[in-house]
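Structural overview for review
This is what each chain is made of:
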Amino acid sequence: MTNTTTDTTGASTASPVADFAALPRLMSLMTGDEKHGPAATSTLDALWVLYDRVLRVSPATAEDPDRDRFLLSKGHGPMAYYAVLAAKGFFPTAWLPGFGSYDSPLGHHPDRLLVPGAEIGSGSLGHGLPLAVGTALGLAAQGRTGPAVWVLIGDAELDEGSNHEAIAYAGAAGLSRLHTLVIDNSSATHGRPGGIASRFEAAGWSVTTVDGRDHEALYTAFTRPHPDRPHAVVARVEAKEYAGEPKPKSAPEAEPDAAAA
């Protein structure tokens, strides 16, 4: 595993925190009930690589119409998202200890009207990928071919039919500026023959499956060329834990915590 933080794209160069190792401390500032900790920590590495090395967006360009768009569909347990945004200077780290409190802008679901840098309000499973498809279509209609659209979803969101409609449409439409990052922590109730990647491949997407904790593998997958096709990256991480025990993948009687997926 490698946790390099070298910025090769020029994205967000004025960040107050330049080291991935500082993120656990920022995460620890957010306490309280309903944290959905495993849901948050499963995304931390991938979010850092995206914001540190891939996305063309920074606090200075957050309103630029030609910025890259990042949509967090996996909005339950947004602590990692908040930590990365704070680390990159989108809002003060002093906001973090107030996470989830009545007067804090940092709610248990991100609110795009309250959280600087957030593109959508999220948390309800299954909405982010359709919104990303619409965003890519809207940018194309405006003649903006530069901005990339990224959406992060959880594997359990693929239980929602809205995602499969979006996957099918995006592949057929050849939305090459659309990128989907799937965090696979074995939370899905329904599996798919051949795995998650097969669903995207069947719809005409470019797909890469990687170790979701390996920063170099993530960066390589994120920047893989995919002309005329949307691109999906399936990032596998350790299984989400239930009561201290890994959830068996083939246990239909075990009810998953869909809100934390």
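**Observations concerning the overall build of the protein chain**
- From N to C terminus, the protein chain includes eight helices and seven strands.
- Counting every position in the protein chain, which comprises 261 residues, the buried fraction comes to 50%.
- Restricting the contact set of the protein chain to residue pairs at least 6 apart, pairs at least 24 apart contribute 77%.
- About 11,100 Å² of surface is accessible on the protein chain, with carbon and sulfur atoms providing 53% of the total.

**Let's talk about the packing of aromatic side chains**
- In total, this model carries 10 aromatic pairs according to the counting rule given.
- Seen in terms of ring centroids, Y51 and F70 are 5.6 Å apart; in terms of plane orientation they differ by 70 degrees. Their pairing is edge-to-face. Note that Y51 is positioned in helix 3 (residues 44–54) and F70 in strand 1 (residues 69–72), a separation of 19 residues in sequence. The exposure classification of Y51 matches that of F70, with both residues buried.
- When the centroid spacing of 6.5 Å and the interplanar angle of 75 degrees are considered together, the rings of Y82 and F91 count as edge-to-face. The exposure classification of Y82 matches that of F91, with both residues buried.
- Members of the aromatic cluster, joined through ring pairs, are Y51, F70, Y81, Y82, F90, F91, W95 and F99.

**Let's talk about the pairing of strand 4 (residues 206–211)**
- In this structure, strand 4 lies alongside strand 5 (residues 231–236), joined through six bridges in parallel fashion. Opposite V207, over in strand 5, you have A232 as the bridge partner.
- The parallel pair strand 4 and strand 5, bridged by helix 8 (residues 215–222), forms a crossover whose chirality is right-handed.

**With respect to helix 4 (residues 79–87)**
- Across the nine residues of helix 4, nine count as buried, placing the element largely inside the fold.
- On its buried side, helix 4 packs onto helix 1 (23–28), helix 2 (37–41), helix 3 and strand 1.
- Positive phi shows up at G89, right after helix 4, with a value of about 85 degrees.

**Structural notes on the side chain of S73**
- You can see S73 is positioned in the loop between strand 1 and helix 4.
- The class for S73 is buried, based on a relative accessible area of 1%.
- Looking at S73, its side chain comes within polar contact range of the main-chain nitrogen of G128, at 3.1 Å.
- Dropping the residues within four chain positions of it, S73 is found in contact with S122, G123, H127, G128, L129, V151, L152, I153 and E157.

**Digging into the side chain of R53**
- The residue R53 is located in helix 3 in this model.
- By relative accessible area, R53 is classed as buried at 4%.
- Reaching out from R53, the side chain makes a polar contact with the side chain of E216 at a distance of 3.1 Å.

The rules behind these values
Residues numbered from 1 in each chain as written. Predicted model: local features only at pLDDT ≥ 70, side-chain atom pairs only at ≥ 80, totals over all residues. Heavy atoms only, no water. Helix = DSSP H or I, 4+ residues; strand = E, 2+ residues; numbered from the N terminus. Buried < 20%, exposed > 50% of the residue type's maximum accessible area, 1.4 Å probe, protein only. Contact = heavy atoms within 4.5 Å. Areas by Shrake-Rupley, 256 points an atom, 1.4 Å probe, with all protein chains shown as cover. Phe/Tyr/Trp six-rings, centres within 6.5 Å; stacked < 30°, edge-to-face > 60°. Pairing = 2+ DSSP bridges. Right-handed = clockwise from strand over helix to strand, strands pointing away. Polar contact = N/O pair within 3.5 Å; in protein donor to acceptor, adjacent residues only side chain to side chain.

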